[in-house]
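Listed below, chain by chain, are the residues.
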Amino acid sequence: MSFACSKGRDSLMITVFGSINMDLIATTERLPKPGETVAGNGFATAAGGKGANQALAARRAGRYVHMAGAVGKDAFAADALALLDEAGTDLSLVKHVDGPTGTALILVGGDGENMIAVVPGANGLVTPADAEIAIGRMNEGDMLMLQLEVPVAAVERALSAARAKGITSILNLAPLIPDAPRLGRLADIVIANETEFERLAGQNGMDTQEREAALVRLHQETGQTLIVTLGGDGVIAIRDGVISRAQGLAIDPVDTVGAGDTFCGYFAASLDDVDFPTALRRAAVAGSLACLKSGAQPSIPLSEEVADRI
Ligand code: RIB
């Protein structure tokens, strides 16, 4: 499969510094409660990992993308990188370390909701030195995208090196870890779901108005662009003092795994091409389309599919 790159600024490079996993996916009629066993009705493997998913989404959206991270020297490594490779992602910053590739054990219920346990494997061996190398390959004006599935010290070094070099950083605060609020302050743009945003804002159980007030308050304090994804309710964001909202598509989800990553990758790929509200809308539509197929990476739509639905 080949991809035409965006005509907006062909030189813009997106580097994704983050996790690469093999997803082991079981589908069930409903998700089990703690301690309960339920019957599965399907099993599949698919390439995943929040970093790799976001990289593939940005690539399918038409950008030049470097993936930086680690896989093991095991049978999963090649499969975990296959779709990125096929899409023409630069994988020269992916190191191959002794030990297992990261895995995610995923249950998907009949309503499309999921439960995930991630075993980091090689992702846990990504270092601050790897961050230095990745940022060293980037140029001022490029974009760096990160999540929180590789060690905190590496994420922190990448963020500070990017800032020193004039590289725009986008941090997706997923999965939620104790360091998330602190790391969130180091990025230019933060993408969070409702729960992650509450942790960032230091306030639990926000209603719609409280969330908007917290967005304004945090934005005034930090000047950051802040984006909160709201599942089926779309997205709310603030940038340069202006609140924006966008909706995805009205859909009946099959599998929501990777939908947030698809949003992030499409957003990063669109930011430089179109105005901010349009970038949000494009990303939200891409995220909706990602809920219509199984598997994180197999479900990420191509740019033409997204364009057809905007
Ligand atoms: O966001 C979805 C991803 O989270 C999955 O692909 C899984 O690998 C976990 O990292």
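Residues numbered from 1 in each chain as written. Predicted model: local features only at pLDDT ≥ 70, side-chain atom pairs only at ≥ 80, totals over all residues. Heavy atoms only, no water.

1. Details of the sheet that holds strand β13 (residues 242-246)
What holds strands together in a sheet is hydrogen bonding between their backbones, with the strands either parallel or antiparallel.
Move 1: Strand order in the open sheet made by the nine strands is β5-β4-β1-β8-β9-β10-β11-β12-β13, with mixed pairing throughout. The sheet terminates laterally at β5 (90-96) and β13, the two strands that pair on one side only. Within this sheet the neighbouring strands show an average axis-to-axis angle of 15 degrees, counted without direction.
Move 2: Relative to strand β9 (residues 168-172), strand β8 (residues 143-146) runs parallel, the two sharing four bridges. Looking across to β9, one finds that Met145 is bridged to Ile170.
Move 3: This element, helix α2 (residues 75-86), spans β4 (64-71) and β5 of the sheet and lies at about 165 degrees to β5.
Move 4: Here helix α6 (residues 194-201) sits on the sheet in contact with β9, β10 (189-193) and β11 (225-229), set at roughly 120 degrees to β10. (Pairing = 2+ DSSP bridges. Helix = DSSP H or I, 4+ residues; strand = E, 2+ residues; numbered from the N terminus. Axes fitted to C-alpha atoms, helices over the stretch in contact; angles between N-to-C directions. Contact = heavy atoms within 4.5 Å.)

2. What about the site of the ligand?
Move 1: Taken together, the neighbourhood of the ligand is formed by 13 residues, with Asp23, Gly49, Lys50, Glu149 and Asp261 sitting nearest.
Move 2: In the model, an oxygen atom of the ligand is placed 2.7 Å from a nitrogen or oxygen of the Asp261 side chain.
Move 3: Coverage of the ligand by the protein amounts to 96% of the 280 Å² it exposes when considered alone.
Move 4: Mapped onto the shell around the ligand, the elements with two or more residues apiece are β2 (21-28) and α1 (50-60).
Move 5: Grouping the constituent residues of the shell around the ligand by class yields four nonpolar, five polar and four charged. (Near = heavy atom within 4 Å. Polar contact = N/O pair within 3.5 Å; in protein donor to acceptor, adjacent residues only side chain to side chain. Areas by Shrake-Rupley, 256 points an atom, 1.4 Å probe, with all protein chains shown as cover. Nonpolar A, V, L, I, M, F, W, Y, C, P; charged D, E, K, R; others polar.)

3. Quick word on the environment of Pro175
Move 1: Positionally, Pro175 belongs in the loop between β9 and α5 (180-184).
Move 2: C-alpha separation for the pair Pro175 and Pro120, spaced 55 residues apart in sequence, amounts to 12 Å.
Move 3: With sequence-adjacent residues up to four places away left out, Pro175 is seen in contact with Lys50, Leu148 and Glu149.

4. Some details on helix α7 (residues 208-222)
Given 3.6 residues per turn, any residue in an α-helix points the same way as the ones three and four places further on.
Move 1: Under the 1.5 Å per step criterion, the end-to-end length of α7 is 21 Å for 15 residues, consistent within 8% with the ideal 21 Å.
Move 2: Of the positions making up α7, those classed as buried are Arg211, Ala214, Leu215, Leu218 and His219. When α7 is viewed along its axis, its buried side chains cluster within an angular range of 130 degrees and face the same direction. Turned more than 90 degrees off the buried face of α7, the exposed positions are Gln209 and Gln220.
Move 3: On its buried face, α7 sits against α6, β11 and β12 (235-239).
Move 4: The N-capping residue of α7, defined by a side-chain oxygen 3.2 Å from the backbone nitrogen of Gln209, is Asp207.
Move 5: A positive phi of about 75 degrees marks Gly223, the residue just after α7. (Expected span 1.5 Å × (residues − 1). Buried < 20%, exposed > 50% of the residue type's maximum accessible area, 1.4 Å probe, protein only. Arc of directions from axis to C-beta.)

5. Quick look at the pairing of β12
Move 1: Judged by how many residues are buried, β12 sits mostly within the fold: four of five residues are covered.
Move 2: Relative to β12, β11 is paired through four bridges, and the arrangement is antiparallel. Along β12, the bridge assignment pairs Val228 with Ile236.
Move 3: Connecting the antiparallel pair β11 and β12 is a turn made up of five residues, with Gly231 showing a positive phi of about 60 degrees.
Move 4: Relative to β13, β12 runs antiparallel, the two sharing five bridges.

6. Here we look at the pattern of salt bridges
Move 1: Applying the stated criterion across every chain, the model contains 12 salt bridges.
Move 2: A salt bridge links Arg182 to Glu156; the shortest N-O distance between them is 2.8 Å. Here Glu156 lies in helix α4 (residues 152-165) and Arg182 lies in helix α5, a separation of 26 residues in the sequence.
Move 3: Under the relative-accessibility criterion, Arg182 is labelled partly exposed at 38%.
Move 4: For Glu194, the salt bridge is made with Arg211, and the minimal N-O distance between the two is 3.6 Å. With Glu194 in helix α6 and Arg211 in helix α7, this residue pair connects regions lying 17 residues apart in the sequence.
Move 5: Among the residues examined, Arg211 registers a relative accessible area of 10% and is labelled buried.
Move 6: Salt bridges sharing partners connect three or more residues here, namely Glu156, Asp179 and Arg182. (Salt bridge = Lys/Arg side-chain N within 4 Å of Asp/Glu carboxyl O.)

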